[in-house]
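Structural features, examined
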Amino acid sequence: MAIQSNRLAPWAAYCVVGIGALIMLAPFYFMFVFATHSRTEIFSLPPPMFFGYDFLANLNILTERLPFWRNLGWSLYVAIASTALTLVFCSMGGYAFAMFEFRYKNALFGLVMATMLLPSFMNMIPTFMIMDVLGWIDQPRALYIPGAASAFGIFLMRQFVSSSIPKDLIEAARMDGCGEFGIYLRIVLPLLKPALGTLGLITFIASWNNFIGPLIVMRSPEMYTLPLALRSLQSPVNTEWGALMTGSAIATLPLVVLFILSSRQLISGLTTGAVK
Amino acid sequence: MRCWLFHSWQILVVLSLTGIALNKAQAQQIPTQPHQTLTVAAYPAVDEIVKSALPLWNHLHPDVEVKVVSRQFTDHHTAMTTALSTSFYLPDVMALEVGYVGRFAQGGGLEDLSLEPYGIKSFQSHYVTYAFQQATNHKGAVVAAPSDIGPGTLLYRTDLLVKSGVSEADLTQSWDSYVAAGVKIKAATGAYLMAHARDMKDIVIRTGIKPGDGLYFDSQSNVLVTSPRFVRAFELARRVRQQKLDAKVLAWSNEWSEGFKRGTIATQMSGAWLSGHMNNWLAPSTRGLWRASQLPEHSFAAFGGTFFAIPKGVPAAHKQLAWQFIQLMTLNREVQLGAFKAQDAFPALIETYDDPFFEQPIEFLGEQKARVVWREAATHITAIAVHKQDSFADEVINTELDKVLDRGKDITIALADAQRLLKQRAYR
Amino acid sequence: MKIPSSLRMSPEMAPYVLLSPFVLLFLVFGVFPLLFSLYLAFQSWEPTSGLEAMKFVGLDNFAFALQDDWFWKSLKNTGWLAIVSGVPQHLVAIPLAYFIHSSFQVLRNVVVGAYFMPYITSTVAIAILFSSLFSTDYGLINVGLQMMSYVPVLGWLMPQNPVDWLNDPEHIKPAISMIVFWRYVGFNVVLYLAALQTIPKDIYEAATMDGAGRLQQFWFITLPNLKPMIFFGVTLSVIGGLQLFEEPFILTGGRGGSDQAGMTTAIYLYRMAFDFNDFGAASAMSWLLFIVVALLTWVTNCLFRPRGTSV
């Protein structure tokens, strides 16, 4: 139900919000337009406003300079593995924190939450050194394994479990003779579906876009994920802008599609977590 | 409900396995492998040079396959640093650019090629003197073998010079005459003398270095940036900027290449290899309009240079092969000349200098026999000692120069500030 | 799917078993790196000499960092960027959320989706795109500014010459701030929208009946109720702003820009370790920066925390 409005307000609101939305979306438009132009066309006056014909040529240059499809494959692989692991570990952990009492529970949870406040750069160098010593440099597992212990993920899961799953349900199942793991699998997980969906989306998107992680641990072009591959195209000498734009567009497209399909779920999931 | 969950896990697993399979399939293009593999890590265009030497290598060592791993320039050197730090994923041979040789040389992670079984000192006379010295650290260890060098040259637009009534001699007699010529060129044609005043600063600071000293630090890590050569360099650069003789564009930017294409930049001081780049993609339409000469005021400097090194952590059997490979790349006349002809990689091997290729006219430079000029330059370049903090010092000096040029900062204060900053780090 | 009774967990064991994978990963990759980084901060290490080359140097790295001009410069840059990109995000997001909340029903999801989209895309792709948009002679932003300079009133404010966004130390920071603003404004809109939806409508109705105008309602009803969310949002912006790495990194080609104007402390950290090969100093700096972040978060807490609520 809209708040009672006076004469001018709705049109002003529409205008402001509309212009804002256009500003938000304009760069995407240009990314896709530039992807279809060659380097000299992008850097000319006036800049191109509509689609051009060089998409295939750019794609050619892109695949010449980089093992691009491999990089795309790695991005997909790491994102899926990351999502799967995070969902499993965080749902188990969140359920444990929410439904059980055990020693050091509060201290442990406090510690985990504290690390959420830690800036990401704290881990940059020691992570590199640990991966170096473990021999995980240049391997995808260095990307998806550490991320599975996501503080945000376990927080989200705990919130959801404690707010949506009644303790009596668990008790009843226990009295019916269901084993602990069975309870987790058959009762808790199905009820967690919305939260799993949200966390899955967030993790997938974060992993797909992750740049600093691969920057630190990946060293060979065949093992790069997409953001790193794009940046390696950005050489100080002779940057192939057309190919770079095409690569950026391809890197962005899956997420845009995913987002359009799932925006409601994603946004509502995030906000329930935020509005404590 | 359970069914859905189970099936979704199945789908995820299948997708991941497919992903892995696709990746592995794409990787396994190599049919059967010979007995041994030698890994060589390089960057563009050194990777091309290595690859073009492979037929000869395979002829000599048919049972040893060479695998070339190529990364973008900065990424390559970062990867090499990482590899050396824990000896994981070390290549058998690594290509290094001169800017990084110094850093790695101090570290101690590279084999000393002057020791047995390499004995590179017996080949010392085959290499251009300064390049050999660049690979020698202060303890006397030779950590790398020079492959190509970048003798500094002045490339200029002869048509613009003619139009302004300036001769090559005017341009190169002294720095002052160079600047004066620039004024005339600007007045007559509107073209800038140089792309950025920084280019001139880079050359002038390399003149008059005492033997044993580095560019920014001496052998005791004292900071040298307040010495007269820096002051002169800054003053000349400021004069150039004040008289609006530089286009204020940085090397390799879009505006820089446009400047060449449109003839708004009249001269460029750089390595000899720049003419190759200009011919290939920077400004091919200006073919025939450029000439090469020595740098003004009998200055000689080096721009770039590639070396090959063997990491210490490599297994012994591979070290011998690696040394054979390096000898092929750096001491084989055919390979060196091949690289010169294909990639403009000026040879570090002195024997090649009598080859008739040097006397051949270069079309891009209006049929000038420029290689003779560059060969002459190569013999006059003096080695400059390297210091771990050189790249940091580069940035600091460039920043201070920008402040002098753009904000009118006083030169003495700027150099004193730089001195202070560098002193803080000289011993790290 | 019956698990044999010997393998079944008892309710007492269950939490430990369920938590163990998470805790294991957390300790190895979450806690241990921190401790190691603290250890490293007291060592001097030149990476190309191998792991054995680490040497204990006490507080040397910290002393170096504290008197390093570039470290302080990077802190200033980081602070400037955090404020200039953070504050407008909230100043703009609150009214925007209010407008969307009050005027958009049918199209709400589409509009919110449009605002949120920048947040989910890869920073690298966006920064690359913006590098081309910010190009001095050919970039769309300068073209746009030039066109706007013909508009009668606004034109007077517009710069006369093309602005060198990427190379001029004065302009690289605003360029970075613009990108960060663009990226996060939608995220904050979503947060505030969610908070707005929790304010009961009857309060507004009662106020209207009492004769309160729109603006008064906004000021006296909406804003106070938004306080918890403002607190949350600003805390996130502060923490996020102080960690800025990716946008300036891509925009300045990984080096921090001329006069290091675009070099945030996170970038300087990275450069210290991977460009200048001084891991000890880099670790020391990361701890110093962490202290700054912790301090500022505490300050934000004091300033914005709604009275009478506990976090």
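The rules behind the values
Residues numbered from 1 in each chain as written. Chains lettered and ligands numbered in written order. Predicted model: local features only at pLDDT ≥ 70, side-chain atom pairs only at ≥ 80, totals over all residues. Helix = DSSP H or I, 4+ residues; strand = E, 2+ residues; numbered from the N terminus. Rg over C-alpha atoms; globule rule 2.2 N^0.38 Å. Buried ≥ 20, exposed ≤ 12 C-beta atoms within 10 Å, placed from the backbone. Contact = placed C-beta atoms within 7 Å. Nonpolar A, V, L, I, M, F, W, Y, C, P; charged D, E, K, R; others polar. Expected span 1.5 Å × (residues − 1). Bend = angle between axes of the 7 residues up to and from the residue. pLDDT = per-residue confidence, 0-100. Axes fitted to C-alpha atoms, helices over the stretch in contact; angles between N-to-C directions. Parallel < 35°, antiparallel > 145°, perpendicular 65-115°, else oblique. Left-handed = near helix turned anticlockwise from the far one by under 90°. Pairing = 2+ DSSP bridges.

Next up on the list: the overall build of chain C. Looking only at helices and strands, chain C features twelve helices and two strands. Traced from its N-terminal end to its C-terminal end, chain C shows the element sequence α-β-β-α-α-α-α-α-α-α-α-α-α-α. Against the globule reference of 19 Å for 311 residues, chain C gives a C-alpha radius of gyration of 25 Å, more extended than a compact globule. Considering only C-alpha atoms, chain C reaches an extent of 75 × 70 × 45 Å along its principal axes. Classification of the 311 residues of chain C by burial places 48% in the buried group. The contacts in chain C between residues at least 6 apart in sequence include a share of 70% that link residues at least 24 apart.

On a plain count of helices and strands, chain A comes out with 14 helices and zero strands. By the compact-globule yardstick of 19 Å for 276 residues, chain A is too spread out, its C-alpha radius of gyration being 23 Å. With the C-alpha coordinates aligned to their principal axes, the bounding extent of chain A is approximately 75 × 65 × 30 Å. Taking all 276 residues of chain A together, 50% fall into the buried category. Pairs at least 24 residues apart make up 74% of the contacts formed inside chain A by residues separated by at least 6 positions.

How big an interface is tends to be stated in terms of the accessible area lost upon association of its parts. Counting residues at the interface gives 19 residues for chain C and 20 residues for chain B. Across the side of chain C that touches chain B, the residue classes break down as four nonpolar, nine polar and six charged.

Right, let's get into the interface of chain A and chain C. Contact residues are listed per partner, giving 83 residues for chain A and 81 residues for chain C. The greatest single-element share of the side of chain A that touches chain C, amounting to 15 residues, is contributed by helix α1 (residues 9-34) of chain A. For the side of chain A that touches chain C, a count of residues per class yields 62 nonpolar, 17 polar and four charged.

This next bit is on unusual backbone geometry. Residues and elements named next belong to chain B. Geometrically, the link from glutamate 116 to proline 117 is a cis peptide bond, its omega value of 0° lying close to zero. Mapped onto the elements, proline 117 comes out in the loop between α4 (98-107) and α5 (129-134). Backbone geometry places lysine 248, a non-glycine residue, at a positive phi of 55°. In this structure, lysine 248 sits in the loop between α10 (228-242) and α11 (254-262). Among the residues examined, lysine 248 registers 16 C-beta atoms within 10 Å and is labelled partly exposed. You will see that glutamate 367, though not glycine, has its phi angle at about 65°, which is positive. Structurally, glutamate 367 is set in the loop between β8 (346-347) and α15 (370-380).

We now examine the environment of B:Phe303. Residue and element names in this part refer to chain B. With respect to the helices, strands and loops of the structure, phenylalanine 303 is situated in strand β7 (residues 302-309). Overall, phenylalanine 303 belongs to the partly exposed group, with 18 C-beta atoms counted inside 10 Å. For phenylalanine 303 and asparagine 398, which are 95 residues apart along the polypeptide, the C-alpha to C-alpha distance reads 17 Å. Residues contacting phenylalanine 303, with those up to four places away along its chain left out, are Gly150, Gly152, Ser270 and Gly271.

This paragraph deals with helix α2 (residues 46-60) of chain B. Residue and element names in this part refer to chain B. For α2, which comprises 15 residues, the first-to-last C-alpha distance of 21 Å matches the rise-based estimate of 21 Å (1.5 Å per residue) to within 8%. In the structure, α2 departs most strongly from a straight axis at leucine 54, where the bend amounts to approximately 40° and where the proline proline 55 lies between one and four residues downstream. Turning to α2, its buried residues number three or more, namely Val46, Ile49, Val50, Ala53 and Trp57. Packed against the buried residues of α2 are β1 (36-42), β2 (64-70), β3 (93-97), β7, α13 (316-331) and α14 (333-343).

Residues and elements named next belong to chain A. Model confidence for chain A is summarised by a mean pLDDT of 84, while 94% of its residues fall at 70 or above. Averaged pLDDT values over the elements of chain A bottom out at 82 in helix α2 (residues 39-42) and peak at 91 in helix α4 (residues 68-99). Within the model, pLDDT remains below 50 along residues 1-5, and this stretch shows eight contacts once partners closer than five positions in the same chain are excluded.

Below, the discussion takes up the environment of B:Phe357. Residue and element names in this part refer to chain B. As for its placement among the helices and strands, phenylalanine 357 is situated in the loop between β8 and α15. By the C-beta count within 10 Å, which is 13 here, phenylalanine 357 ends up partly exposed. Through-space distance from the C-alpha of phenylalanine 357 to that of lysine 369 is 9.6 Å; in sequence the pair is twelve residues apart.

On to the packing of α2(B) against α14(B). Residues and elements named next belong to chain B. At a closest axis distance of 10 Å, the pairing of α2 and α14 adopts a crossing angle of 135°. Between α2 and α14, the angle falls in the class oblique. Handedness of the crossing formed by α2 with α14: right-handed. Every residue of α14 that contacts α2 at Glu48, Ile49, Ser52, Ala53 and Leu56 is listed here: Glu334, Val335, Gly338, Ala339, Ala342 and Gln343. Considering only residue class, the contact of α2 with α14 consists of six nonpolar, three polar and two charged.

The next subject is the environment of A:Glu222. Residue and element names in this part refer to chain A. By the element assignment, glutamate 222 lies in the loop between α12 (212-217) and α13 (226-233). Residue class for glutamate 222 comes out partly exposed when judged on the 16 C-beta atoms lying within 10 Å of it. If we ignore the near neighbours within four places in the chain, the residues touching glutamate 222 are Pro67 and Arg70.

Let us now look at the pairing of β3(B). Residue and element names in this part refer to chain B. Of all the five residues making up β3, four are buried; the element is thus mostly covered by neighbouring parts of the structure. Two strands pair when backbone bridges link them, and β1 and β3 are joined in this way by two bridges, in the parallel orientation. By the bridge assignment for β3, alanine 41 is matched with methionine 94. Strand direction decides the pairing type here: β3 and β7, joined by four bridges, are antiparallel. Looking at β7, one finds that glutamate 97 is bridged to threonine 306.

All names here are of chain C. Mean pLDDT over chain C: 84, with 95% of residues reaching 70 or higher. Within chain C, the element-level pLDDT minimum falls on helix α9 (residues 214-242), averaging 84, and the maximum on helix α2 (residues 60-66), averaging 91. Scored as a complex, the prediction yields pTM 0.83 and ipTM 0.83.

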